[in-house]
Amino acid sequence: MALIKPNRLIGDRAFYKTLLMVALPIMLQNGITEFVSLLDNVMIGHTGTEQYNAVVIVNQLVFVYVICVFGSIAGAGIFSAQFHGHGDHEGVRNAFRFKLYAAGAVVLIGALVFGFGGEQLISLYLNDAEEGVDLALTTEYGLKYLHIIMICMVPHALSMVYASSLRETGKTIPPMVAGCVALIVNLIGNYLLIFGNFGLPELGVQGAAIATAAARFVEFAILVVYTHGNKKKNPFAKGLYRTLLLPRELIGKIAVKGLPLLLNEVMWSGGMAVLAQCYSLRGTEAVGAYGITSTMSNMFGIAMIALGNAVAIMVGQKLGAGEIEEAKITDSRLIFTSTAACAVIGGIMALSAPLFPQLFSEVSEESRALAVQMIRIAGVILPFNAFAHSTYFTLRSGGRSLFVFAFDSGFMWFLCVPLALILGHLTDIPLVPMYGIVLSLELVKCIIGFFFVKSGFWAKNLIKE
């Protein structure tokens, strides 16, 4: 069996050096992002339960939007990595241009949805308020936060286009630097504007939103200046905007591979939003508990995210260069590394679960107690998340979009969502066992993913085709 041969699981020094060069900047950026997000949530938590719940709910909605942007550019990203591996700079340019159109369409749709349906979307997550919690006030805070966040939708999407293209061409450090600077701006802005320090107005959730918007503009500016100011290092930037026309044949190819990926991200992120809504049926204390758990899961999941991106980049470039067997071996090693690392990280997460909810002192004690149990469950499941996540990027690297769709959003909507809806609406099962049962479905997904990866059918050179 290919996946259990030691020489296919353990790489040499050159492999791990390359992996660190690709994954470490992404890991550092994600780590700082999640740390700042943690501080954001802690600071917002100190302003009151309504404010905290409002931000948790809106961030869940914004998460769906961000994932949709990611999905819209994913198809072009497959070709971008393979074009770079093939040495075709014009191909990378065209993939970038495609991303601009795709991301622009998502921004437009997202702005319309948030602009006209924001209040209705927020209200879906507000059920059975705990004593002392004002649902109307929570909705008001949520709308204030959302309307300011909408200002940075365009620069955020464009930053994702630039950052993804840089990573696909082997430049992982500049996006990390841009992200880190932006996060520092975000953190300082939060400190100044949430609580009104140094004589500035105390704006609460609006201050948090303004800080986030400012950070997105800074990130975008840094990425643009680096990309176009270093054209020798970024040959795809030469003549990038000379034309926005795309070869008709390439449009068709990217669309065929990209549309299922876009639909997948839309449906997967929508499924996550439905799961969160099902958990919220257990009361507003469940919203707080799920918010804390999600924050900590994201913090401990940075290695998983970075190593998944490494699969897309390293395996994609080898496929583009025509090194099919080497791509398969690299993929096996990356999956093993991610799963093993997350087994250790998940164990630490589960053992330290009682510590983190105490940071959210203004959130209700019941929410914090529920979060402790949910974080433990998430820690146990983390290595299975890592295996499934790597499998997703394996299928994507070879352009197997339909299988990605079935594996990811198909699994979500045929198993996870129906189960959550049944448990949430038709039973009185408490939040924690409900969360654990839904999360345990990841084991089934891993079994399916194992056979997908082992078959090797995903390893395709799209450029040669």
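Note on numbering: residues in each chain are counted from 1, in written sequence order. Restriction of local features to residues with pLDDT of at least 70 applies here, the model being predicted, together with a cutoff of 80 or more for giving and counting side-chain atom pairs; totals for whole chains, interfaces and linings are based on all residues. The basis for every side-chain value is the complete set of heavy atoms in the structure, and neither hydrogens nor water enter the calculation.

*Asks:* Can you walk me through the overall build of the chain in this structure?
*Replies:* In terms of helices and strands, the chain carries 16 helices and zero strands. Radius of gyration: over C-alpha atoms. The globule rule applied is 2.2 Å multiplied by the number of residues raised to the 0.38 power. For 465 residues, the compact-globule estimate of 2.2 N^0.38 gives 23 Å, and the chain sits close to it at 22 Å. In terms of its C-alpha atoms, the chain occupies a principal-axis envelope of roughly 65 × 50 × 40 Å. Accessibility here uses a 1.4 Å probe with only protein chains present; expressed as a share of the type maximum, an area under 20% marks a residue as buried, one over 50% as exposed, and anything in between as partly exposed. By the burial criterion, 57% of the 465 residues in the chain qualify as buried. In the structure as shown, the chain presents an accessible area of about 18,900 Å², 69% of it carried by carbon and sulfur atoms. Working definition: helices are DSSP H or I runs of at least four residues, strands are E runs of at least two. Numbering for both runs from the N terminus. Here the open area of atoms and residues is found with the Shrake-Rupley method and a 1.4 Å probe, where only the protein chains shown may cover a residue.

*Asks:* Can you walk me through the layout of surface pockets in this structure?
*Replies:* Rolled over the atoms, a probe with the dimensions of a water molecule shows which regions are left empty. Lining residues are those with an atom within 4 Å of a point, where the points come from a 1 Å grid over the protein atoms alone and group into cavities, where a 1.4 Å probe fits but cannot get out, or pockets, open sets with protein on both sides within 12 Å along at least five of seven lines. Grid points are joined across faces, edges and corners, and a volume is the space filled by probe spheres set on the points. Here the largest pocket defines a volume of roughly 480 Å³. Val 64, Cys 68, Val 106, Ile 109 and Val 266 are the residues nearest the centre of the largest pocket, which is lined by 25 residues in total. The wall of the second largest pocket is formed by Asp 12, Ala 14, Phe 15, Thr 18, Ile 313, Met 314, Gln 317, Lys 318, Glu 326, Thr 330 and Arg 333. Ranked by residue count, the leading element in the lining of the second largest pocket is helix H11 (residues 302-320), at four residues. Its residues assigned to classes, the lining of the second largest pocket shows four nonpolar, three polar and four charged. Amino acids are sorted into nonpolar (Ala, Val, Leu, Ile, Met, Phe, Trp, Tyr, Cys and Pro), charged (Asp, Glu, Lys and Arg) and polar (every other residue, Gly among them).

*Asks:* Please clarify how the confidence of the model for the chain should be interpreted in this entry.
*Replies:* Should pLDDT be low for a region, the predicted coordinates there are not to be read in detail. As a per-residue measure, pLDDT reflects the predictor's confidence and takes values from 0 up to 100. Of the residues in the chain, 95% reach a pLDDT of 70 or more, and the chain-wide mean stands at 86. The least confident element of the chain is helix H1 (residues 6-9), whose mean pLDDT is 64; the most confident is helix H15 (residues 431-439), at 95.

*Asks:* I keep staring at the side chain of Thr 227 and nothing clicks. Help me out?
*Replies:* The topology assignment puts Thr 227 in helix H8 (residues 205-229). Take Thr 227: its relative accessible area is 0%, and that puts it in the buried class. Under the rule applied, a polar contact is a pair of N or O atoms within 3.5 Å (in protein, one hydrogen donor and one hydrogen acceptor; residues adjacent in sequence only if both atoms are side-chain atoms). Here the side chain of Thr 227 touches Leu 223 through a polar contact of 2.8 Å, landing on its backbone oxygen. Throughout, a contact is declared for two residues whenever any of their heavy atoms are within 4.5 Å. Sequence-distant contacts of Thr 227, defined by excluding residues within four places in its chain, comprise Tyr 162, Leu 166, Asn 234, Phe 236 and Ala 237.

*Asks:* How should the packing of aromatic side chains be read in this particular structure?
*Replies:* Two descriptors summarise a pair of aromatic rings, namely the distance from one centre to the other and the angle between the planes of the rings. In summary, the pairing rule links any two rings of Phe, Tyr or Trp, Trp by its six-membered ring, whose centres are within 6.5 Å, and it sorts them by plane angle into stacked for under 30 degrees, edge-to-face for over 60 and tilted for everything else. In this structure the tally under the stated criterion is 18 aromatic pairs. Their ring planes at 70° and their centres at 6.3 Å tell us that Tyr 162 and Phe 220 sit as a pair that is edge-to-face. Note that Tyr 162 is positioned in helix H6 (residues 153-168) and Phe 220 in helix H8, a separation of 58 residues in sequence. On the basis of relative accessibility, which here comes to 2%, the residue Tyr 162 falls in the buried class. The residue whose ring lies beneath Lys 445 is Phe 407, and the NZ or CZ to ring-centre distance is 5.1 Å. Criterion for a charge above a ring: Lys NZ or Arg CZ within 6 Å of the ring centre, and within 35 degrees of the ring normal.

*Asks:* I tried to follow the packing of H11 against helix H13 (residues 365-397) on my own but got confused; where do I start?
*Replies:* The description of two helices packed together rests on the angle between their axes and the distance between the axes. Angular values range over 0 to 180 degrees, each being the angle between N-to-C directions of two axes fitted as lines to C-alpha atoms, with helices fitted over their stretch in contact. Between H11 and H13, whose axes approach to 9 Å, the crossing angle comes to 25°. Classified by the interaxial angle, the pair formed by H11 and H13 is roughly parallel. As for how H11 packs across H13, the hand of that crossing is right-handed. Of the residues in H13, those in contact with Met 304, Ile 305, Gly 308, Asn 309, Val 311, Ala 312, Val 315, Gly 316 and Leu 319 of H11 are Leu 382, Asn 385, Ala 386, His 389, Ser 390, Phe 393, Thr 394, Arg 396 and Ser 397. Its residues placed into classes, the contact of H11 with H13 shows nine nonpolar, eight polar and one charged. In what follows, roughly perpendicular refers to angles from 65 to 115 degrees, roughly parallel to angles under 35, roughly antiparallel to angles over 145, and oblique to any angle outside these ranges. Helix crossings are classified by the rotation of the near helix relative to the far one: an anticlockwise turn of less than a right angle makes the crossing left-handed, while a clockwise turn makes it right-handed.

*Asks:* Help me understand the nonpolar core in this model?
*Replies:* Generally speaking, nonpolar side chains in soluble globular proteins are found buried as a group. Definition of nonpolar core: a set of buried residues of the types Ala, Val, Leu, Ile, Met, Phe, Trp, Tyr and Cys, connected through side-chain atoms within 4.5 Å. If you look at the biggest cluster of nonpolar residues, it comprises 126 residues, and the most contacted ones within it are Leu 19, Tyr 65, Tyr 145, Tyr 279, Ile 292 and Leu 334. Considering every element that reaches this core, the biggest residue donor is helix H3 (residues 49-86), with 18 residues. Among residues more than four places away in sequence, those in contact with Tyr 65 are Val 106, Val 107, Gly 110, Phe 114, Met 153 and Ala 157.

*Asks:* What is the right way to read the state of the cysteines from this model?
*Replies:* Structurally, a disulfide amounts to a covalent bond that connects the sulfur atoms of two cysteines. Here, the term disulfide refers to a pair of cysteine sulfur atoms separated by no more than 2.5 Å. Under the defined criterion, the tally for this structure stands at zero disulfides. Here Cys 278 stays free of any disulfide, with the sulfur of Cys 416 as its closest cysteine sulfur at 11 Å. With no disulfide of its own, Cys 342 lies 11 Å from the sulfur of Cys 446, the closest cysteine sulfur.

*Asks:* Whenever I open this one, the packing of H3 against helix H10 (residues 284-300) confuses me. Can you help?
*Replies:* Following both chains from N to C, one finds H3 and H10 inclined at 65°, their axes separated by 10 Å at the closest point. Handedness of the crossing formed by H3 with H10: left-handed. Across the interface between the two elements, Tyr 52, Asn 53, Val 56, Ile 57 and Gln 60 from H3 touch Thr 284, Val 287, Gly 288, Tyr 290, Gly 291 and Ile 292 from H10. In the contact of H3 with H10, the residues fall into six nonpolar, five polar and no charged.

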